[in-house]
Amino acid sequence: MSGAVPVIEVRELKKYFPLPRRYPAQAAARVHAVDGVSFAIGRGETLSLVGESGCGKSTVGRTILGLTRPTAGEVRLDGVRIDNLPAGRLRPLRRRMQVVFQDPFSSLNPRLSVREILAEPIANFTLARTRGELAERIAGLLEKVRLPADAAGRFPHEFSGGQRQRIGIARALATEPEVIICDEAVSALDVSVKAQIVNLLSDLQDELGLSLLFITHDLAIVEHLTHRVAVMYLGRIVEAADRRSLFARAWHPYTQALLSAVPVPDPAARRRRTILKGDVPSPVNLPTGCRFHTRCPHAFARCRSEEPELRPVGDAQWVACHLDARPGG
Ligand SMILES: Nc1ncnc2c1ncn2[C@@H]1O[C@H](COP(=O)(O)OP(=O)(O)OP(=O)(O)O)[C@@H](O)[C@H]1O
Ligand SMILES: [Mg+2]
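Quick caveat: nothing in here was measured; it's all calculated off a predicted structure.

J.: Please provide a residue-by-residue account of the pairing of strand β7 (residues 179–183), values included.
T.: The element β7 is extensively covered by neighbouring structure, given that five of its five residues are classed as buried. Of the two faces of β7, the one lined by Val 179, Ile 181 and Asp 183 and the one lined by Ile 180 and Cys 182 are each fully buried. As paired elements, strand β6 (residues 97–100) and β7 share four bridges and run parallel to each other. Its bridge partner being in β7, Val 99 is matched across the sheet by Ile 181. Summarising the sheet, β7 and strand β8 (residues 211–216) pair through five bridges and their orientation is parallel.

J.: Any details on the site of ligand 1? Residues and values, ideally.
T.: Neighbouring ligand 1 are 13 residues; Phe 17, Ala 33, Ser 53, Ser 58 and Thr 59 lie closest to it. The biggest single contributor to the shell around ligand 1 is helix α1 (residues 57–64), with three residues. Residue composition of the shell around ligand 1, by class: five nonpolar, seven polar and one charged.

J.: Report on unusual backbone geometry, specifying residues and quantitative values.
T.: A positive phi angle, close to 45°, is found at Glu 12, a residue other than glycine. Along the chain, the position of Glu 12 falls in strand β1 (residues 8–18).

J.: Would you mind going over the sheet that holds strand β4 (residues 72–77) in detail, with residue names and values included?
T.: Here we have four strands laid out as an open sheet, ordered β2-β1-β4-β5, and antiparallel in their pairing. Two strands lie at the open edges of the sheet, namely β2 (30–41) and β5 (80–81), each paired on one side alone. Relative to β2, β1 is paired through nine bridges, and the arrangement is antiparallel. Considered in β2, the bridge of Val 10 is made with Phe 39. Sheet contacts for α1: β1, β2 and β4; angle to β1, the most-contacted strand, approximately 115°.

J.: Could you give an account of the sheet that holds strand β9 (residues 228–233), with specific residues and numbers?
T.: As summarised here, the arrangement of the eight strands in space is β6-β7-β8-β3-β9-β10-β12-β11, forming an open sheet in which the pairing is mixed. The two strands at the open ends of the sheet, each matched to only one other strand, are β6 and β11 (311–314). This sheet shows a mean twist of 20° between the axes of neighbouring strands, independent of strand direction. Of the strands in this sheet, β6 and β7 are in contact with helix α6 (residues 161–173), which crosses β6 at around 170°. Where helix α9 (residues 253–260) meets the sheet, it contacts β3 (46–50), β9 and β10 (236–242), and its direction lies at approximately 105° from that of β9.

J.: Outline the pairing of β11, listing residues and values.
T.: Two elements, β11 and strand β12 (residues 317–319), share three bridges in a ladder whose sense is antiparallel. Bridge assignment links Gly 314 to a residue of β12, and that residue is Gln 317. Following β11, the chain reverses through two residues before pairing antiparallel with β12.

Analysis parameters
Residues numbered from 1 in each chain as written. Chains lettered and ligands numbered in written order. Predicted model: local features only at pLDDT ≥ 70, side-chain atom pairs only at ≥ 80, totals over all residues. Buried ≥ 20, exposed ≤ 12 C-beta atoms within 10 Å, placed from the backbone. Helix = DSSP H or I, 4+ residues; strand = E, 2+ residues; numbered from the N terminus. Pairing = 2+ DSSP bridges. Near = placed C-beta within 6 Å. Nonpolar A, V, L, I, M, F, W, Y, C, P; charged D, E, K, R; others polar. Contact = placed C-beta atoms within 7 Å. Axes fitted to C-alpha atoms, helices over the stretch in contact; angles between N-to-C directions.

Scope: geometric values only; no functional claims are made or implied.
Put into structure tokens, the structure is as follows:
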């Protein structure tokens, strides 16, 4: 990124939720959904945020988008703090950050035609002045996501899951954003369709210089798309690395376990399989010390008492772990 201002930056982001009222005995308890997360995304760059269900990935995305306010920490767009803006000042900035969700069917209004779905954001931000301009924009969007021009007159239920996700991407592109947050955007799709949508996103990124935050529980699907990866566990980043370092020599025992669950086509290259024992602990009553120690095959005394900070272990790799050396060498 050569010192350029990142498009998106989060600093020490925290988001704690109050517990539902049915737990009055724990009135002071909080769900530690996000608990001190920092990262930056450069222009035209993809960062993948990876981790098991409930580790706080979507909450990070929603906080960046301003859909929920952080408990502490900062969100910056192009160097400018946006987490503390009043709604009226945030609204115009929302044009620059869009989101694509997992389930395009529930996020697309079934009563609107594709034309109407795409016209909405264009109208919201007054990006077309005449009917002709609007039609031109809609045609351009369909072309970008490789849908036929006659898709405009059809309704969401007339499309397959992959095509609906293309409509979701077209809607996100309608406001000419700089950043797209893809929250499990391909997770519900069949394997071959997944690859097509990942390729489409990658092509769009090259074409438009988009920055992508790619949120997923599935490390395998980001291997050919992402520039960098941040691995989350219980609200914190435990490892951050460029793609090559992460897939070649994952450092953190948790990342290694996630990777070992990824099927490798070549049996000679099969990774040693690490099965994680136990369940993810509750984000309400966090383990002391390293949050991963209850499931870590390498945990020792210090891990139970002292929380590890991210530290560099290579040119482009950081890890939060007390072990002196990478497990497995
Ligand atoms: N509005 C909310 N109120 C209370 N708790 C919440 C709220 N939103 C999320 N949480 C809790 O915060 C934690 C993180 O949730 P989040 O949805 O960010 O995880 P995630 O990594 O996106 O999971 P998944 O892979 O299942 O989508 C979870 O324990 C969740 O139950
Ligand atoms: Mg989620």
